[in-house]
Amino acid sequence: MDAVFQWLTPGVSDAAHRTDVLFFSLLAITAAVAAAIFAVVVVFAIRYRASSTVDRSAPPAQNLPLELAWLAALLVSFLSFFAWAAYDYRDLYRAPADAMPVYVVAKQWMWKLQHANGRREIDELHVPVGQAVRVVMTSQDAIHSFYVPALRLKQDVVPGRYTSIWFRATRAGEYHLLCAEYCGTQHAAMRGRIVVMEPAAFARWLEAGPHEPGLAQRGFELFRQYGCSGCHSTRSAVHAPELAGLFGRTVHLADGRSLVADEAYLRDSILLPKKDVVAGFEPIMPSFAGQIGEEDIQAIVHYIRSTRRE
């Protein structure tokens, strides 16, 4: 990785290529329009200079067709770029089904990352080249922003909610990981790196120590430790929803709404259980706010996710 940060580093992801094409297309159109306006100004300045003898007796007061054509061209151009950008933006949040999950907790002033097999990292993220990676993020304190210029990714990380984004790196190497949101006095020191490896090398790295319980296994232990299994099981005497196979399913709520059980819903159900009460059940679950850390919540969520029936 170059020691000196460049203004526009080479893009090394699928999204980077699309983003660069959009950016340079917008830049080219803007430059062409600016050049055309400049040329017209120069031509008129020369033609109608004070010493010229051109006829100024009947200057045009209006030209409605020209004005409408100009406005229509601008409107169509802006709407076209908006639709193009919206399509690419939406794609950033629609991860492939086989995307590799990575859980991220941002805190002043570090990035704490955890893979599904339990391997943890601080200020580093190792990923394989060519593999879709979905990062699920939350913050423990202030607002941060997960920013990887080479991947053309920037996603705010907000306390109290999950945000996720995905990418597929296309070139092995090491790339800057920065915080793009001022988050305190040591904000500038909150930086790390993304290490993109060949798949075989990544598999060896992932299996190398330290050996810790997988994230789903740790989540299952926490699921029992916090007493979740006492209510959310088929043999429980408490009338509570069963969680096995819940992830990804549509949940019908007591107030008539419906939603898909994703990471954000599961997190809210743990910390804000009365926010989305499932239809047919009483709001009897206690809140675990202040009793359980973000990393433990991510482990429990991943355990519930692992019970999904394909």
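Residues numbered from 1 in each chain as written. Predicted model: local features only at pLDDT ≥ 70, side-chain atom pairs only at ≥ 80, totals over all residues. Heavy atoms only, no water.

J.: Please provide a residue-by-residue account of the side chain of His187, values included.
T.: If you trace the backbone, His187 turns up in the loop between strand 9 (173-179) and strand 10 (191-197). Accessibility expressed as a relative area gives 18% for His187, which makes it buried. (Helix = DSSP H or I, 4+ residues; strand = E, 2+ residues; numbered from the N terminus. Buried < 20%, exposed > 50% of the residue type's maximum accessible area, 1.4 Å probe, protein only.)

J.: Give me the lowdown on the side chain of Thr138, citing residues and values where you can.
T.: Relative to the elements of secondary structure, Thr138 occurs in strand 5 (residues 132-139). In this structure Thr138 touches Val104, Val105, Ala106, Val157, Val158, Gly160, Arg161, Tyr162, Arg267, Glu294 and Gln298, once residues within four positions along its chain are discounted. (Contact = heavy atoms within 4.5 Å.)

J.: Tell me what's going on with the nonpolar core, and back it up with residues and numbers.
T.: Counting 36 residues, the largest nonpolar core has Trp111 and Val135 as its most contacted members. If you look at the next biggest cluster of nonpolar residues, it comprises 27 residues, including Val136, Tyr265, Val278 and Ala299. (Core = buried A, V, L, I, M, F, W, Y, C linked by side-chain atoms within 4.5 Å.)

J.: Describe the environment of Gly11, listing the residues and the values that go with them.
T.: When you line up the elements, Gly11 lands in the segment before helix 1 (14-47). When its relative accessible area of 27% is taken as the criterion, Gly11 is described as partly exposed. Considering only alpha carbons, one finds Gly11 and Phe81, 70 residues apart in sequence, at a separation of 21 Å. The contact partners of Gly11, leaving out residues within four places of it in the chain, are Ala16, Asp20, Ala150, Arg152 and Arg171.

J.: Explain the sheet that holds strand 6 (residues 144-148) to me, and be specific about the residues and the numbers.
T.: Overall, mixed pairing links the 5 strands, which are arranged 4-10-9-6-7 in an open sheet. Edge positions in the sheet fall to strand 4 (124-128) and strand 7 (153-157), since each has one partner strand and no second. Here the strands of the sheet are splayed against their neighbours by 20 degrees on average, with no regard to which way each runs. Note that strand 6 and strand 7 share 5 bridges and pair antiparallel. Across the sheet, Val148 pairs through a bridge with Leu153, a residue of strand 7. Along the sheet, helix 3 (residues 199-207) makes contact with strand 4 and strand 10, crossing strand 4 at roughly 130 degrees. (Pairing = 2+ DSSP bridges. Axes fitted to C-alpha atoms, helices over the stretch in contact; angles between N-to-C directions.)

J.: How would you sum up the packing of helix 4 (residues 215-225) against helix 7 (residues 294-306)? Please name residues and give values.
T.: Direction vectors running N to C along helix 4 and helix 7 enclose 105 degrees, while the axes themselves pass 7 Å from each other. It follows from the interaxial angle that helix 4 and helix 7 lie roughly perpendicular. For the pair formed by helix 4 and helix 7, the contact residues are Leu215, Ala216, Arg218, Gly219, Phe220, Leu222 and Phe223 on the first element and Glu295, Asp296, Ala299, Ile300, His302, Tyr303 and Ser306 on the second. Per-class residue counts for the contact of helix 4 with helix 7 are 8 nonpolar, 3 polar and 3 charged. (Parallel < 35°, antiparallel > 145°, perpendicular 65-115°, else oblique. Nonpolar A, V, L, I, M, F, W, Y, C, P; charged D, E, K, R; others polar.)

J.: I'd like a description of the pairing of strand 1 (residues 100-107), backed by residues and values.
T.: Summarising burial for strand 1: 7 of the 8 residues are buried, a large majority. Relative to strand 5, strand 1 is paired through 7 bridges, and the arrangement is parallel. Bridging from a neighbouring strand, Tyr103 pairs with Val136 of strand 5. Sheet analysis places strand 1 next to strand 2 (residues 110-115), joined by 6 bridges and oriented antiparallel.

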